[in-house]
Amino acid sequence: MAFGDLLEIVGGLGRYQMIHVLLLSFPLLFISSNNVLQNFVAAVPDHRCRLGLGHKLNVTWEPLVGDLVTLFVPVDQQGQADKCRLYAEPQWHLLWPNGTRGNGSGAETQPCTDGWEYDRSQFSTTIVTEVGTLVSV
C-alpha cells in the first residue's frame with residue numbers, strides 16, 4: 001500500500017487541507033521578495049571619509065573640494081582615495097606635485113571621525129548611506 005492509497009482511504013485532499021496549504025504559502029511571497037530586496041538596499045557604494053568641521057584650515061581662501069580631498073585623504077595602492085583613513089594634519093605639499101617634500105605616504109593617518117561621503121551615482125540611497133554603518137576592517 002502506497003502513501004497515495006492511504007490518503008484516499010482517509011478522505012483525500014479536502015477543503016481544510018487546501019486552506020491550510022494556501023495560508024502557509026501566502027507568507028512565502030513576502031519572504032522571497034524581502035530576501036531579494038537585500039541585494040539592492042544593502043549595497044555598499046564607493047566611499048571616503050567625510051571632511052568635517054573638525055579640520056581647521058589656517059587659510060583665508062577656501063580650496064576646491066578636490067584640493068581638500070588631496071590635503072586630507074591619503075591614496076591607496078591603486079591611486080584611489082582611502083576609504084577609511086584621513087591624514088592627521090593637512091598635507092599642503094601635495095597641492096604642488098613638483099615640490100621636493102615627498103608624496104605624503106609616510107604621514108600620520110587616523111580613522112574617519114566625521115562619517116563618510118558616498119558615491120551616489122549608482123545607488124541614490126541604501127541602508128548603509130542612511131544609517132552610516134560602515135565598519136573598518
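Residues numbered from 1 in each chain as written. Predicted model: local features only at pLDDT ≥ 70, side-chain atom pairs only at ≥ 80, totals over all residues. Heavy atoms only, no water.

> Requested: an account of the state of the cysteines, with residues and values cited.
Under the defined criterion, the tally for this structure stands at 1 disulfide. Between the sulfur atoms of C49 and its disulfide partner C112 the distance amounts to 1.6 Å. Across the S-S bond linking C49 and C112, the dihedral sits near -65 degrees, which makes this disulfide left-handed. With C49 in strand β1 (residues 47–49) and C112 in the loop between β3 (109–111) and β4 (116–118), the pair connects residues that are 63 residues apart, well separated along the chain. The residues C49 and C112 share a single accessibility class, namely buried. Between C84, a free cysteine, and C112, which holds the nearest cysteine sulfur, the sulfur-to-sulfur gap is 5.6 Å. (Disulfide = S-S within 2.5 Å. Helix = DSSP H or I, 4+ residues; strand = E, 2+ residues; numbered from the N terminus. Buried < 20%, exposed > 50% of the residue type's maximum accessible area, 1.4 Å probe, protein only.)

> I'd like to hear about the pattern of salt bridges, residue by residue, with values.
One pass over the structure, following the stated rule, counts 2 salt bridges. The salt bridge partner of D46 is K83, with a shortest N-O separation of 3.5 Å. One end of the pair, D46, is in the loop between α2 (15–41) and β1; the other, K83, is in the loop between α3 (65–72) and β2 (85–87), and 37 residues separate them in sequence. Between E117 and R50 there is a salt bridge; the shortest N-O distance is 3.1 Å. Of the two residues, E117 is situated in strand β4 and R50 in the loop between β1 and α3; the sequence distance between them amounts to 67 residues. In this structure E117 comes out as partly exposed when scored by relative accessible area, which is 33%. (Salt bridge = Lys/Arg side-chain N within 4 Å of Asp/Glu carboxyl O.)

> Break down the nonpolar core for me, with residues and values.
A general tendency of soluble globular proteins is for nonpolar side chains to be buried together. Formed by C49, L68, V69, L71, F72, V73, L86, C112, W116, Y118 and V128, the largest nonpolar core amounts to 11 residues. The element best represented in this core is α3, accounting for 4 residues. (Core = buried A, V, L, I, M, F, W, Y, C linked by side-chain atoms within 4.5 Å.)

> Quick one: what's the story with a nonpolar patch on the surface, residue by residue and with numbers?
A surface patch of nonpolar side chains, amounting to about 710 Å² of accessible area, comprises M1, F3, L6, L7, I9 and V10. Locating L6 in the fold gives a position in helix α1 (residues 3–9). Residue class for L6 comes out partly exposed when judged on its relative accessible area of 42%. (Patch = residues over 30% accessible without salt bridge, like charges linked within 9 Å, V, L, I, M, F, W, Y side chains within 5 Å. Areas by Shrake-Rupley, 256 points an atom, 1.4 Å probe, with all protein chains shown as cover.)

> Give a detailed account of the side chain of T129, specifying residues and quantitative values.
Within the element layout of this structure, T129 appears in helix α4 (residues 127–131). Of the polar contacts made by the side chain of T129, one reaches the backbone nitrogen of T126; its length is 2.8 Å. Apart from the residues lying within four places of it in its own chain, the contact partners of T129 are P45, Y118 and R120. (Polar contact = N/O pair within 3.5 Å; in protein donor to acceptor, adjacent residues only side chain to side chain. Contact = heavy atoms within 4.5 Å.)

> For the packing of aromatic side chains, give the residues involved together with the corresponding values.
Within this structure, the stated rule accounts for 1 aromatic pair. Plain terms: the ring middles of F26 and F30 are 5.4 Å apart, the flat faces sit at 85 degrees to each other, and that makes the pair edge-to-face. Taken together, the residues span about one helical turn, with F26 and F30 both in helix α2 at a distance of 4 residues. Given a relative accessible area of 53%, F30 falls into the exposed group. (Phe/Tyr/Trp six-rings, centres within 6.5 Å; stacked < 30°, edge-to-face > 60°.)

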